4 protein chains.
Amino acid sequence: MSEIGIGLIGTGFMGKCHAMAWNAVLPTFGDVPKPVLNILCDLDAENAKAKAAQFGFQRWTTHWREVIDDPKVQVVSITSPNAEHREMALAALAAGKHVWCEKPMALTLDDAEAMANAAMLAPGKTLLGYNYAQNPAIGHARQLIEAGEIGRILHMRGVVDEDYMADGDIPWSWRCRAASAGLGVLGDIMCHLVSIAVTLAGPIAEVCADIDIAYRQRPVSGGKPGEMGAVENEDIAQALVRFEAGFTGVLSSSRVAWGRKNHLMWEVHGSGGHLACDQERMNELQFFKAEGLEETRGFRTILTGPLHAPYDRFCPAPGHGLGFNDLKVIEAAHFLRVIQGAEAPLVDFARGLHIERVIHGIARSARKRTWCRIA
Amino acid sequence: MSEIGIGLIGTGFMGKCHAMAWNAVLPTFGDVPKPVLNILCDLDAENAKAKAAQFGFQRWTTHWREVIDDPKVQVVSITSPNAEHREMALAALAAGKHVWCEKPMALTLDDAEAMANAAMLAPGKTLLGYNYAQNPAIGHARQLIEAGEIGRILHMRGVVDEDYMADGDIPWSWRCRAASAGLGVLGDIMCHLVSIAVTLAGPIAEVCADIDIAYRQRPVSGGKPGEMGAVENEDIAQALVRFEAGFTGVLSSSRVAWGRKNHLMWEVHGSGGHLACDQERMNELQFFKAEGLEETRGFRTILTGPLHAPYDRFCPAPGHGLGFNDLKVIEAAHFLRVIQGAEAPLVDFARGLHIERVIHGIARSARKRTWCRIA
Amino acid sequence: MSEIGIGLIGTGFMGKCHAMAWNAVLPTFGDVPKPVLNILCDLDAENAKAKAAQFGFQRWTTHWREVIDDPKVQVVSITSPNAEHREMALAALAAGKHVWCEKPMALTLDDAEAMANAAMLAPGKTLLGYNYAQNPAIGHARQLIEAGEIGRILHMRGVVDEDYMADGDIPWSWRCRAASAGLGVLGDIMCHLVSIAVTLAGPIAEVCADIDIAYRQRPVSGGKPGEMGAVENEDIAQALVRFEAGFTGVLSSSRVAWGRKNHLMWEVHGSGGHLACDQERMNELQFFKAEGLEETRGFRTILTGPLHAPYDRFCPAPGHGLGFNDLKVIEAAHFLRVIQGAEAPLVDFARGLHIERVIHGIARSARKRTWCRIA
Amino acid sequence: MSEIGIGLIGTGFMGKCHAMAWNAVLPTFGDVPKPVLNILCDLDAENAKAKAAQFGFQRWTTHWREVIDDPKVQVVSITSPNAEHREMALAALAAGKHVWCEKPMALTLDDAEAMANAAMLAPGKTLLGYNYAQNPAIGHARQLIEAGEIGRILHMRGVVDEDYMADGDIPWSWRCRAASAGLGVLGDIMCHLVSIAVTLAGPIAEVCADIDIAYRQRPVSGGKPGEMGAVENEDIAQALVRFEAGFTGVLSSSRVAWGRKNHLMWEVHGSGGHLACDQERMNELQFFKAEGLEETRGFRTILTGPLHAPYDRFCPAPGHGLGFNDLKVIEAAHFLRVIQGAEAPLVDFARGLHIERVIHGIARSARKRTWCRIA
């Protein structure tokens, strides 16, 4: 396989991110098939046309089914609103395509289950856009854990905070409604944290959670003076966690945490060491190892570099820094290798379903105010 | 009142800490009564004698009741093992003394209640050794919160991790037994975090918690080869929290977190800003304020200085740094002013009882695996 | 102009970096001409062919003059060894091409002068690869300075340390010889620091410097046992600096600083504030402003975001982080706009000559052990 | 020797600091002689009396010679203005006293030489108040260097910045006049940095320096409207340095660096590692060791603790943090041991003279604009 046909649905934040990744993956990696950018879909024709030119797509459409129907398209990137993931993914899988779908997987747990079931039966491969889990710093952490460098895992903690809804004057929007957005902060960013927790510490067995809506009403944009809309999903969520392996954890998230921009922070406590990382300083891994003279021990700041694959594909010099978009390029390369059968997917629809069960489990636990098992 | 008689029970970690504070408080503050170091108690006569000379006490004893019976003693510092706090505090209060007692308040909730009741009826003042809450950085945070600088509180988080039990080969000791130590990490360090949570965010109404013992057995020191003792109290604890004011929080703690030495970290999220602090960098307060041009906003690192009282008593130059022992000196000065009627106590036995209810509530919630109200 | 023809000489660290930038610039920015990747040059035919396929060039060659002779090529990216910059740049300029040349500008000051003179007379535009100066954090710093946010500049400091030669066992190579590499750390990385100093604080009038060779001999790779080669250029350099505007500065650099990977750190002290940045945390700008209540002042960590152009072209969410390669994409977009006449070049050959005069002035000052004026 | 008589001249910033140290040293250390606080001197009788009571001195005076004449006084703490150090120290030494003198040593190099000569001939021991050099973090760094943990020293850098004169509206005072203050920032804080450079990297052989006055005039406090006084000494100073051992260094300092409160930062680059520290985070030592797997290397943050003597005298728990005043207590204990003959002085008048030669050499070099040898 030397070329692979690409169709992309969506041109927003994540749509552009996929487009940039598809452009960069071959120049960066070299040993992957050449992505041929066949078709781009956006509901707005003007925009679709302009973005196709910008991103280098051969043609464009305003009908997403055209992407799936294109016989030259082998991989479909789905970056449309969450509520549309299910229908698009099912159609693409039914058409024999490989599917790279943005997170959260779907609006409801039912949707996610349907998608995972379809993926199990379809010939196409699937991948979910959990780009932070692709960070070489996290890959290195995972290797250290697997190599026993921190001993037995005793505990896992994580936080993911942003402030995109911290201002109470931000207007009421689709994000605030259960029908359009589904979950709130759980679907927006907590799912990223869960993807990392699961990657580093394995599946989650039980949760006990609490959620809160910090701003119960928001002004309706363009509404009458003083008109307010009710916020239907959570701004803040936190969960006690029991991992299947038996140890405990705590996961917290807020979308109203002033000053935090991408504060996706985690730490894994082991019987022989400790690992920690913050996505706001995504090129640094904190590592404490309980060995050697006690008086010279300390958390060391490992700057990622060429020895932390695939950083070397981006730069031969250590500590020069990857960026947010580079993680998507790594993800694209990973998916191409998954399609080639050379790698196991980090988060396919099956594993993604587990993440959905965790975030919906958190919501359910908070509602019922009790511990809930994750199926 | 120009002089005040001091009796000190205990000469260990905290005993020495009190002794150093009693020596330093007048030279440092100037405007407090002169502590006259009357009598020091330690069970070991050799040690009592040596430490009395070192700390500047006029006389020593091996019988703690002698401290309380001494008519010249007006303040009793209690730094003995937790199991003895109740009896000593009750005796001291009954004798009309002021009582400065180390944390945790007592072994059991019953003990703590008895102490709080006694304090309510006695003429003497009480203070618990929650020294971290005396940090000028925290005092400043409290003022900023009270002045509305971060708006309405939306959420509160905290962690307190150390690694004094992180090595699985640390022998089984009194710390591991419920009968001698009572709670584990909850009584050792989580109570400090609760003291700060309560200071900054007010009383806690409900908790839902989980605990874990990371090392279920530890080697018996001096025992037969391979002899192990069962660890009876928790190494790790975490709790979902509802504050009385209505917002949520999360508190976590571990005594087996390799590399953490005094990682007492908290953050208060507000509708207009954000405050955070880590005791390992105790002279730095992180403050984000949602005002001014967005492109120049950021967390600012406020180095404590003379404008953050009572830092000025220690040093006229900002950013020069207070240390752990300085917090005890601040606490001593505070207690002297409480005794003079010039200040309200930060954490007296009444407020301390609330902290005990929270940590015992966490233990109960973890046992019952359900939300528990804090009386 | 909707398309622009690109020729690239070199496929190493920087050659690939240019190639990735030419691929990314249109998808990322949108409003720039489409780079048509005409021809790639590498001395090794196998490599040239493979890299042309990887990077998306239409054809390849092993003769660099073919790149310049190609009438479709409008921009020549020069990423060959420093000793070849002069000849290539002169030929390209003579052929009417625009030239994007990697730093350092040339091997000798004579070469640099010849290049600057040629650029002055030629119709083509020029740009030097001072990518760090393109960091939005630095652009923001520059705006703050120009807007008077830190008042009058009082002082400027900078460090650039790496450890790529810190190991004394790294073999003797072309880097160690004056004939092939010219300057040592001054040409490798100090020139980057000078580019930023000049960008933020204006031209430099005088220097007084010292240099040192930490490892005077290095093992000859593949040589006889124990065979050593003499290191002819500096490992370490530092300079006192007087800026034309009258204030002082200090610039230091080492290529033997263990643990430093890209520690390009600078600070500008003003009469009303202070700015600082470290490339190892390239998405953070430190800003202290002497205004407001003294007790809430502190250095604030500004995470770059969409308000710091052109970060917005990469990501709509703040604090998500740019990477090293993104700076080259910004540089490519900048050069396209320079070519369009829409922007003034940040560091063209004229300004680049000043940088060369500074680093060669540092070398001369260190040799003569006296202050030297920068012409 | 179980007791030792103390006389203290001065009750300002440093006077109080000495007083607190004399009160704390026995309770903290235990194994030092008991300081008997005989007599305190301040020019203002009211203040002398009040401070004697506060600090625990038996009597007070307004005549410093009374301190020296008191036969019970064995140690004289000199914390008076710099211009008086020489006369007082000479008198104290002539009277057979031990002298603990604050830095800078004296107003002029002549004064410092006279003091060093007197100390050489007198029976009394001497110590200068270079308290930062007493930081256990620095002691640990020194041990690591001496043990070869970072290999051969290749380079040394340091900065010491504060902002106590950063505001141009701070009035003209004795600090601004050569006659009263002598040097500016060199005497105020650069001497601290030199004390650490010398402690860690040995004596300095040559300097080449530059200085600047950022605010050439300052408003006269209480003067006529608009009346300004000329600032006669430097706000900013920086020096290229050659250590006697052959390697290079750079030292910089500013008293007009907004936002810096005690930014005394140094780093020592070695052939096998790297050490760095910042006094604003005085309990953290940064250590990079070039050993072990490259992918897990990084600067480690060593939190000082009981293994870094004499931290253990203050606290048995690591990472709990010493403060600025604790360094003075360490210094007091050190001086008592020097007096007992148990330790060699870290910075006595002989070594202090070298520091004075360096800072005056910097001033001279800046005036002459040439390299200057340090005698």
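Residues numbered from 1 in each chain as written. Chains lettered and ligands numbered in written order. Predicted model: local features only at pLDDT ≥ 70, side-chain atom pairs only at ≥ 80, totals over all residues. Heavy atoms only, no water.

Here the focus is the side chain of A:Arg242. Locating A:Arg242 in the fold gives a position in strand E11 (residues 236-243). Here the side chain of A:Arg242 touches B:Asp210 through a polar contact of 2.7 Å, side chain to side chain. There is a polar contact of 3.0 Å between the side chain of A:Arg242 and the backbone oxygen of B:Ile211. Excluding residues within four positions of it along the chain, A:Arg242 makes contact with A:Ile204, A:Ala205, A:Glu206, A:Phe247, A:Thr248, A:Trp371, B:Asp210, B:Ile211 and B:Arg369. (Helix = DSSP H or I, 4+ residues; strand = E, 2+ residues; numbered from the N terminus. Polar contact = N/O pair within 3.5 Å; in protein donor to acceptor, adjacent residues only side chain to side chain. Contact = heavy atoms within 4.5 Å.)

What follows is about the relation of the copies chain C and chain A. A rotation about some axis, followed by a shift along it, carries one copy of the chain onto the other. Placing chain C over chain A gives an RMSD of 0.0 Å and needs a rotation angle of 180 degrees, together with 0.0 Å of translation along the axis. Each copy turns onto its partner about a two-fold axis. When C-alpha positions in chain C are compared against the rotation axis, the closest is assigned to C:Gly323, at 1.9 Å. Taken as a fraction of all interface residues of chain C, those also at the interface in chain A reach 100%, which identifies the copy contact as same-surface. (Least-squares fit on C-alpha atoms with pLDDT ≥ 70 in both.)

Another point: the relation of the copies chain B and chain A. Rotating chain B by 180 degrees and moving it 0.0 Å along the rotation axis overlays it on chain A with an RMSD of 0.0 Å. Taken together, the interface assignments show that 100% of the residues at the interface of chain B recur at the interface of chain A, consistent with an identical surface on both copies.

Looking now at the packing of aromatic side chains. Counted under the stated rule, the structure contains 32 aromatic pairs over all chains. Measuring from centroid to centroid gives 6.0 Å for A:Tyr132 and A:Phe324, while their planes differ by 55 degrees, and the two rings are tilted. Taken together, the positions of A:Tyr132 in the loop between strand E6 (126-128) and helix H6 (136-146) and A:Phe324 in helix H10 (residues 324-340) put the pair 192 residues apart, joining distant regions of the chain. The exposure class assigned to A:Tyr132 is buried, which follows from its relative accessible area of 5%. Members of the aromatic cluster, connected to one another through ring pairs, are A:Phe13, A:Tyr132 and A:Phe324. Just above the ring of D:Tyr215 sits the side chain of C:Arg152; from NZ or CZ to the centre is 5.5 Å. (Phe/Tyr/Trp six-rings, centres within 6.5 Å; stacked < 30°, edge-to-face > 60°. Buried < 20%, exposed > 50% of the residue type's maximum accessible area, 1.4 Å probe, protein only. Lys NZ or Arg CZ within 6 Å of the ring centre and 35° of its normal.)

A few words on the state of the cysteines. Per the stated rule, a full pass over the model turns up zero disulfides over all chains. A disulfide-free cysteine, A:Cys101 has its sulfur positioned 11 Å from the sulfur of A:Cys191, the nearest such atom. Classification of A:Cys101 as buried rests on a relative accessible area of 0%. There is no disulfide at C:Cys372, and the cysteine sulfur nearest it, in C:Cys208, is 7.7 Å away. (Disulfide = S-S within 2.5 Å.)

Attention now moves to the interface of chain C and chain A. Residue-level contacts link 35 residues of chain C with 35 residues of chain A. Carbon and sulfur atoms supply 55% of the area buried between chain C and chain A, which totals about 2900 Å² over both sides. For chain C, the biggest contributors to the area lost against chain A are C:Pro27, C:Gln54 and C:His320; these three give 21% of the whole. Here C:Glu284 and A:Arg281 are joined by a salt bridge, their closest N and O atoms 2.7 Å apart. For the interface between chain C and chain A, the tally reads 12 residue pairs in polar contact (both at pLDDT 80 or more). Mapped by element, the contributors of at least two residues to the side of chain C that touches chain A are helix H1 (13-29), helix H2 (45-55), helix H9 (311-314) and helix H10 (324-340) of chain C. (Buried area = accessible area lost by both parts, 1.4 Å probe. Salt bridge = Lys/Arg side-chain N within 4 Å of Asp/Glu carboxyl O.)

So, about the environment of C:His354. Residues and elements named next belong to chain C. In this fold, His 354 is placed in helix H11 (residues 349-368). In this structure His 354 comes out as buried when scored by relative accessible area, which is 13%. Along the backbone, His 354 and Ser 195 are 159 residues apart, and their C-alpha atoms lie at a distance of 9.2 Å. With near-sequence residues (within four places) excluded, His 354 lies in contact with Val 198, Pro 203, Ile 204 and Ile 374. In this structure the side chain of His 354 is engaged in a polar contact, spanning 3.0 Å, whose partner is the backbone nitrogen of Ile 204.

Residues and elements named next belong to chain B. Counting buried residues in strand E1 (residues 3-9) gives six out of seven residues, a clear majority hidden from the surface. Where E1 lies against strand E2 (residues 34-41), seven bridges are found, and the strand directions are parallel. The residue of E2 that forms the bridge with Gly 5 is Val 36. What joins E1 to E2 is helix H1 (residues 13-29), and the crossover it makes is right-handed. Pairing geometry for E1 and strand E4 (residues 75-78), over four bridges, is parallel. Looking across to E4, one finds that Gly 7 is bridged to Val 76. (Pairing = 2+ DSSP bridges. Right-handed = clockwise from strand over helix to strand, strands pointing away.)

Each side of the interface is counted separately: chain B has 48 residues, and chain A has 48 residues. Summed over the shared surface of chain B and chain A, the number is eight salt bridges. Between A:Asp161 and B:Arg157 there is a salt bridge, and its shortest N-O distance comes to 2.8 Å. Only strand E7 (153-161), strand E8 (204-212), strand E11 (236-243), strand E12 (248-254), strand E13 (263-270) and strand E14 (273-278) of chain B provide two or more residues apiece to the side of chain B that touches chain A. Split by residue class, the side of chain B that touches chain A holds 22 nonpolar, 15 polar and 11 charged. (Nonpolar A, V, L, I, M, F, W, Y, C, P; charged D, E, K, R; others polar.)

As a further point, take the pairing of strand E16 (residues 299-303) of chain D. Summarising burial for E16(D): five of the five residues are buried, a large majority. Looking at chain direction, strand E16 (residues 299-303) of chain A and E16(D) are connected through three bridges and run antiparallel. Residue pairing in the sheet places A:Thr301 in a bridge with D:Phe299 of E16(D). In the sheet, strand E15 (residues 284-289) of chain D pairs with E16(D) via four bridges, with the strands oriented antiparallel. Among the inter-strand pairings, D:Phe287 is bridged to a residue of E16(D), identified as D:Arg300.

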